[in-house]
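Okay, here's what each chain looks like letter by letter:
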Amino acid sequence: MQSGIVMIAMSVIVFFGVNVVGDPIDMLVAPDADQAEIERVIRDFGLDKPVWQQYTVFVSNAFKGDLGTSFIFGESALKLIVERMPATLELAFMALLMAIIIGIPLGLYAGLRPNAISSRLIMSGSILGFSLPTFWVGIMMIMLFAVMLDWVPATGRGDTISVLGMQVSFLTADGFSHIVLPALNLALLKISLVIRLTRAGVREVMHMDFIKFARAKGLSANRIVMVHLFKNIMIPVVTVLGLEFGSLIAFSVVTETIFAWPGMGKLLIDAIQQLDRPIIVAYLMIIVVLFVVINLIVDILYSILDPRVRLQDAAN
Amino acid sequence: MNTPNTLTVKNLKTHFFTKAGVVKAVDDVSFSVKPGEILGLVGESGSGKTVTGFSLIGLVDEPGRVVGGSILLNGDDLARKNEKQWRELRGKKIAMIFQDPMMTLNPVLRIDTQMIEAIQAHEKISKQAARERCREALVRVGIASPDERLTSYPHQFSGGMRQRVAIAIALLHEPDLIIADEPTTALDVTIQAQILYEVRKLCSETGMSLIWVTHDLAVISGLADRIAVMYAGRIVEQGSIDEVLDAPLHPYTKGLIESVPSRNKRGAKLYQIPGMTPSLLNLPAGCAFSSRCSAKQSDCLVATPEITQLGEERQVRCFHPVKQEEMA
Ligand SMILES: Nc1ncnc2c1ncn2[C@@H]1O[C@H](COP(=O)(O)OP(=O)(O)OP(=O)(O)O)[C@@H](O)[C@H]1O
Ligand code: SF4
Ligand SMILES: [Mg+2]
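Description of the structure in this document.

About the cut-offs
- Residues numbered from 1 in each chain as written.
- Chains lettered and ligands numbered in written order.
- Predicted model: local features only at pLDDT ≥ 70, side-chain atom pairs only at ≥ 80, totals over all residues.
- Heavy atoms only, no water.
- Helix = DSSP H or I, 4+ residues; strand = E, 2+ residues; numbered from the N terminus.
- Contact = heavy atoms within 4.5 Å.
- Buried area = accessible area lost by both parts, 1.4 Å probe.
- Salt bridge = Lys/Arg side-chain N within 4 Å of Asp/Glu carboxyl O.
- Polar contact = N/O pair within 3.5 Å; in protein donor to acceptor, adjacent residues only side chain to side chain.
- Nonpolar A, V, L, I, M, F, W, Y, C, P; charged D, E, K, R; others polar.
- Phe/Tyr/Trp six-rings, centres within 6.5 Å; stacked < 30°, edge-to-face > 60°.
- Buried < 20%, exposed > 50% of the residue type's maximum accessible area, 1.4 Å probe, protein only.
- Axes fitted to C-alpha atoms, helices over the stretch in contact; angles between N-to-C directions.
- Parallel < 35°, antiparallel > 145°, perpendicular 65-115°, else oblique.
- Left-handed = near helix turned anticlockwise from the far one by under 90°.

Brief notes about the side chain of Gln114 of chain B
Next, step 1: Along the chain, Gln114 of chain B falls in helix 4 (residues 111-120).
Next, step 2: Among residues more than four places away in sequence, those in contact with Gln114 of chain B are Lys217 of chain A together with Leu105, Asn106, Leu109, Pro154 and Ile169 of chain B.

Considering the interface of chain B and chain A
Next, step 1: Contact residues are listed per partner, giving 29 residues for chain B and 23 residues for chain A.
Next, step 2: Buried area between chain B and chain A, summed over both chains or domains, comes out near 2,400 Å², and the portion from carbon and sulfur atoms is 63%.
Next, step 3: It is Met103, Val108 and Glu117 of chain B in chain B that bury the most area against chain A; as a group they hold 23% of the surface buried on that side.
Next, step 4: At the surface where chain B touches chain A, the tally comes to four salt bridges.
Next, step 5: With a shortest N-O distance of 2.8 Å, Glu117 of chain B and Lys217 of chain A are connected by a salt bridge.
Next, step 6: Our count for the chain B to chain A interface comes out at 13 residue pairs in polar contact (both at pLDDT 80 or more).
Next, step 7: Ranked by residues supplied to the side of chain B that touches chain A, first place goes to helix 4 of chain B with four residues.
Next, step 8: Here the side of chain B that touches chain A is composed, by residue class, of 16 nonpolar, eight polar and five charged.

Observations regarding the packing of aromatic side chains
Residues and elements named next belong to chain B.
Next, step 1: Applying the stated rule across the entire model yields seven aromatic pairs over all chains.
Next, step 2: Look at Tyr231 and Phe289: their rings are 5.1 Å apart centre to centre, the planes differ by 85°, and that puts the pair in the edge-to-face class. Of this pair, Tyr231 sits in strand 9 (residues 226-231) while Phe289 is found in the loop between helix 11 (251-258) and strand 11 (308-310), placing the two residues 58 residues apart along the sequence. You'll find Tyr231 and Phe289 in the same group, each marked buried.
Next, step 3: Ring centres of Tyr252 and Phe289 lie 5.3 Å apart, and the angle between their planes is 70°; this geometry places the pair in the edge-to-face category. Residue Tyr252 is found in helix 11, and its partner Phe289 is found in the loop between helix 11 and strand 11; the two are separated by 37 residues along the sequence. For the pair shown, Tyr252 and Phe289 are each scored as buried.

Notes on the packing of helix 8 (residues 173-206) of chain A against helix 10 (residues 221-258) of chain A
Residue and element names in this part refer to chain A.
Next, step 1: Direction vectors running N to C along helix 8 and helix 10 enclose 160°, while the axes themselves pass 9 Å from each other. Overall, the two elements helix 8 and helix 10 adopt an arrangement that is roughly antiparallel. Here helix 8 runs over helix 10; the crossing is right-handed.
Next, step 2: Residue composition of the contact of helix 8 with helix 10, by class: 17 nonpolar, seven polar and two charged.

Read these as spatial facts, not as claims about activity.
Right under this line is the structure:
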């Protein structure tokens, strides 16, 4: 219900917003085309109608699963985007995984030993992760790891194999070496976020009475950290990370551009440069749908992790 | 009279090293508890009762530290234990029930998880057998339909129920000593009475010793065998419950007794000790109670009164103890 309203609102904003910027006709016809040629193109693309009519056409088509046809490629915008989606999703998932695998242990360590020098280093590092611009770090990473050290390729996506009908690259050696750098670049901000969240959670939960009571029961430090502490800090971490997954996909625009990663983000940038309205609109609509789906999944995860929420829902 | 003590605390000192200075939360505290005995530890808020309890179970947190004294549990000095030895003692030989039942159980773990782990921390025992023990423990503290309760989460329980679970956990290993830190203050009066009755019964049945921390003299009078009154980190008076309540020697104890509603004469205005607990950061010279004491004399401001031993178990820390004819 709520998500329905969000999607309608977004479609209006996106559609009209895109229609305000630039005139795609200049891009679509050859500079030497005559007036008749231009008018034919305008009619073909339905650009002669008023904007609100274009919108109703768009909406009725959208319900049939048609988000418009790319001005440039002459193909279904939805199809073009869906083709690129696995590459972007793969990159985003990889980045998410890195944020978890790197961020949580570092955050735990920094939270449990707040005064250690290593903890302070971790926290300063996370501030850097927050404040350095993604594109700059990306370029530096290419310079260092690809050009100077020659550990991994600088750009592009490696060999893919088909898993459950999706083309994925991280399972092949070549693909993996290609994805590490862009994924790390994309993950940097999230790693810093997870470190801070985890540390804050640890600091808060460790002072709770139930941790002291667990110690009073004679439990080992290991069990207290891995069970009593961990289960509690996972609630905010999973919630925030889930919601941030959407922004990983959105931010991948920058990373994909730097690393020439053939995903949706790159498609979007190209489409913006060429004023390929249907692609832009379709991309943004898909992002909205993704956010809605992600929110749903986060809600479900949240209720699995937190029994207090679970039982409230059952009662309603 | 000659039974060996379960617990003997001698000159215990627990200080907090804060930025503002050293807080002597427990300062030169000595007392003992015999098997099966219930000791009431009474005092106003901030007098150091909880810190005393945490000291006995080795859970004083930074910036606090036990800086002196000895804690003998069945003759074994706990003050010398390392963290691993402490872990083996906690829950097994000494258990503690906390002040706030709403916060003692982990909100995201089921009751059975939290009870079974407490058993398995000290015994190699199958989950099934451990679960059976948990069931029995819940029944023992008066929880109906224990099977259903075991698979619940803490937030499905009322405060009284949670405190019963905490007591059940404390009882799992039948420890030599249980420290109960105001376990019933957060509960309503009927539930409080029930729990008190059950705890008393369990103590006499199992022979374990209990330290019952409270600021409520009315609760302690029906429960404890002995009483120790704490003020500003020190024990100012202790003795058997009857002696202390009927004939208090320290002006502070006397004030406490007079401010209990039920003991007051009908219609008389409820007495209240004037003033507040002094900051432990900079205690005045001399007796810590002097600023609030009606029996104060000039020597009280000069030196700190030492403990006067009166008989086997009776002690008082005051230059001018209450004379009995004053307690009419
Ligand atoms: N972490 C700490 N840092 C500094 N001082 C502390 C700390 N914990 C306790 N104290 C000091 O120890 C004193 C005794 O506190 P304690 O909690 O033992 O009081 P209490 O007798 O249990 O009071 P209440 O009836 O309110 O529970 C307090 O006055 C406080 O100033
Ligand atoms: S020593 Fe003096 S001030 Fe302190 S309690 Fe006794 S009479 Fe009062
Ligand atoms: Mg307390």
